[in-house]
Amino acid sequence: MNKSSYHILRVGLAVTFLWVGILIAKNPLDWGSFIEPWAAGFLPGSLHSAMVATAVMDIVVGFLLLIDFWTWLAALVAAFHLVVVLVVTGIGNVTVRDIGLLAGMLALMADSRPPSFLARLKSRKYA
Amino acid sequence: MVPMTAFALLFTLSAIGVAETVYLIRKRLASERPVCPIGGGCEIVLESKYNKTFGIHNDVLGLLFYLAASVVTACLVIGIEPMTLWETVFPIMIAFGSLMSLYLTYLQWRVIKFWCFWCLMSASTIWLMAIIIIISASI
């Protein structure tokens, strides 16, 4: 990926995650209402605690993306989180937006993966 | 009362500021030259004797400013007390940052006589934040 486009994508996704984290922290239960009833049953604690934890995670992921630190790991966590969101919220009007965010996050993850990780994969393949 | 759209824009701008200043700090610590997309005076300005204020690098001061702006905006949106303090401090912070940016832009224009893309981008970011606050206060 071109260096400029990588940074534009990284900062754009970082702002999205940070802002969503702040909005969830403002009204945790409103955001929790998006969760399908079958999925809410799997929550280990209360819906409020789960949403506050989600807000904290979104803010941490967003901050790591923003400062370009552990970007690969932050993008991996964010991509996993988006898959969980897609599964537990069902198909709705905003599903396509989450798919777009997931695609962007996967692109960022692919581009920021550590070189040693790829080298290790290749060495295993030909061992 | 600042509307939510204004908060979203203010937060986005301060986050862009954080990303930009972190980039400049990283480049400086690694003794690398930052990419200078427009013009070629970035390193002349960034390595000039005016790159510090009160002994602290301007990029570090910028980062602290943008981090504080992000945190204050987040507190205002979430509703973390003391709200009156945040509502008072925020416009003062932005006004101070705007004046500081005005001074640093003057230095580039009249004293150093070279333009730095990143410094101008940071100044524009702060001035845009000031414009948003003025517009939202007048609505």
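Residues numbered from 1 in each chain as written. Chains lettered and ligands numbered in written order. Predicted model: local features only at pLDDT ≥ 70, side-chain atom pairs only at ≥ 80, totals over all residues. Heavy atoms only, no water.

Participant: Can you explain the packing of aromatic side chains? Please cite residues and give values.
Facilitator: Applying the stated criterion across every chain, the model contains seven aromatic pairs over all chains. When the ring of A:Trp38 is compared with that of A:Phe42, the centres are 6.2 Å apart and the planes differ by 80°; the resulting orientation is edge-to-face. Look at B:Tyr23 and B:Trp118: their rings are 5.1 Å apart centre to centre, the planes differ by 45°, and that puts the pair in the tilted class. Separated by 95 residues along the polypeptide, B:Tyr23 in helix α1 (residues 4-29) and B:Trp118 in helix α5 (residues 117-138) bring together distant segments of the chain. One Lys or Arg, B:Arg110, reaches over the ring of B:Trp109 and ends 4.3 Å from the middle of that ring. (Phe/Tyr/Trp six-rings, centres within 6.5 Å; stacked < 30°, edge-to-face > 60°. Helix = DSSP H or I, 4+ residues; strand = E, 2+ residues; numbered from the N terminus. Lys NZ or Arg CZ within 6 Å of the ring centre and 35° of its normal.)

Participant: So, the interface of chain B and chain A: which residues are in play, and what are the values?
Facilitator: Each side of the interface is counted separately: chain B has 15 residues, and chain A has 13 residues. Both faces combined, the contact of chain B with chain A buries some 1200 Å², and carbon together with sulfur accounts for 81% of it. Contact with chain A buries area across many residues of chain B, yet B:Phe11, B:Arg26 and B:Ile78 alone supply 38% of it, more than any other trio. For the pair chain B and chain A, the number of links is zero salt bridges. Across the contact surface, chain B and chain A share two residue pairs in polar contact (both at pLDDT 80 or more). For the side of chain B that touches chain A, the elements supplying multiple residues, two or more each, are α1 and α3 (58-78) of chain B. By residue number, the principal contributor to the side of chain B that touches chain A is α1(B), which donates eleven residues. (Contact = heavy atoms within 4.5 Å. Buried area = accessible area lost by both parts, 1.4 Å probe. Salt bridge = Lys/Arg side-chain N within 4 Å of Asp/Glu carboxyl O. Polar contact = N/O pair within 3.5 Å; in protein donor to acceptor, adjacent residues only side chain to side chain.)

Participant: Would you mind going over the confidence of the model for chain B in detail, with residue names and values included?
Facilitator: Per-residue pLDDT for chain B has a mean of 94; in total, 99% of the residues score no lower than 70. When pLDDT is averaged over each helix and strand of chain B, the minimum, 92, is found for helix α2 (residues 42-46) of chain B and the maximum, 97, for α3(B). (pLDDT = per-residue confidence, 0-100.)

Participant: Let's hear about the side chain of B:Thr73: which residues, and what values?
Facilitator: All names here are of chain B. Note that Thr73 resides in helix α3. Residue class for Thr73 comes out buried when judged on its relative accessible area of 0%. At 2.6 Å, the side chain of Thr73 forms a polar contact with the backbone oxygen of Ala69. Those residues in contact with Thr73 that sit more than four places away from it in its chain are Phe7, Phe11 and Phe90. (Buried < 20%, exposed > 50% of the residue type's maximum accessible area, 1.4 Å probe, protein only.)

Participant: A description of the state of the cysteines should follow, citing residues and the corresponding values.
Facilitator: Residue and element names in this part refer to chain B. Taken as a whole, this structure holds two disulfides over all chains when the rule is applied. In this model, Cys36 is linked to Cys42 through a disulfide, with the two sulfur atoms separated by 2.0 Å. Where Cys36 bonds to Cys42 through sulfur, the torsion about that S-S bond is close to 80°, and the disulfide is right-handed. Once the disulfide-bonded cysteines of chain B are ranked by sequence position, their pairing pattern turns out to be 1-2, 3-4. (Disulfide = S-S within 2.5 Å.)

Participant: Requested: an account of the side chain of B:Asn51, with residues and values cited.
Facilitator: Within the element layout of this structure, B:Asn51 appears in the loop between α2 and β1 (52-53). Setting aside residues up to four positions removed in sequence, B:Asn51 forms contacts with B:Val45, B:Leu46, B:Ile56, B:His57 and B:Asn58.

Participant: Quick rundown of the pattern of salt bridges? Include the residues and the values.
Facilitator: Should the charged atoms of two oppositely charged side chains come close, the side chains can pair. A complete count under the given rule lists four salt bridges over all chains for this structure. A:Asp68 serves as the salt-bridge partner of A:Arg10, at 3.7 Å between the closest nitrogen and oxygen. Here A:Asp68 lies in the loop between α4 (47-66) and α5 (71-89) and A:Arg10 lies in helix α1 (residues 3-26), a separation of 58 residues in the sequence. A:Arg10 sits in the buried class, given a relative accessible area of 5%. Two residues, B:Glu32 and B:Lys27, come together in a salt bridge whose shortest N-O distance is 2.9 Å.

Participant: Any chance you could break down the packing of α1(A) against α1(B) for me, citing the residues and the numbers?
Facilitator: Where α1(A) meets α1(B), the closest approach of the two axes is 10 Å, and the angle between their N-to-C directions is 135°. Taken together, the axes of α1(A) and α1(B) are oblique relative to one another. When you trace α1(A) past α1(B), the crossing you get is right-handed. Contact residues: A:Val11, A:Val15, A:Leu18, A:Trp19, A:Ile22, A:Leu23 and A:Lys26 in α1(A); B:Met4, B:Phe7, B:Ala8, B:Phe11, B:Thr12, B:Ala15, B:Ile16 and B:Ala19 in α1(B). (Axes fitted to C-alpha atoms, helices over the stretch in contact; angles between N-to-C directions. Parallel < 35°, antiparallel > 145°, perpendicular 65-115°, else oblique. Left-handed = near helix turned anticlockwise from the far one by under 90°.)

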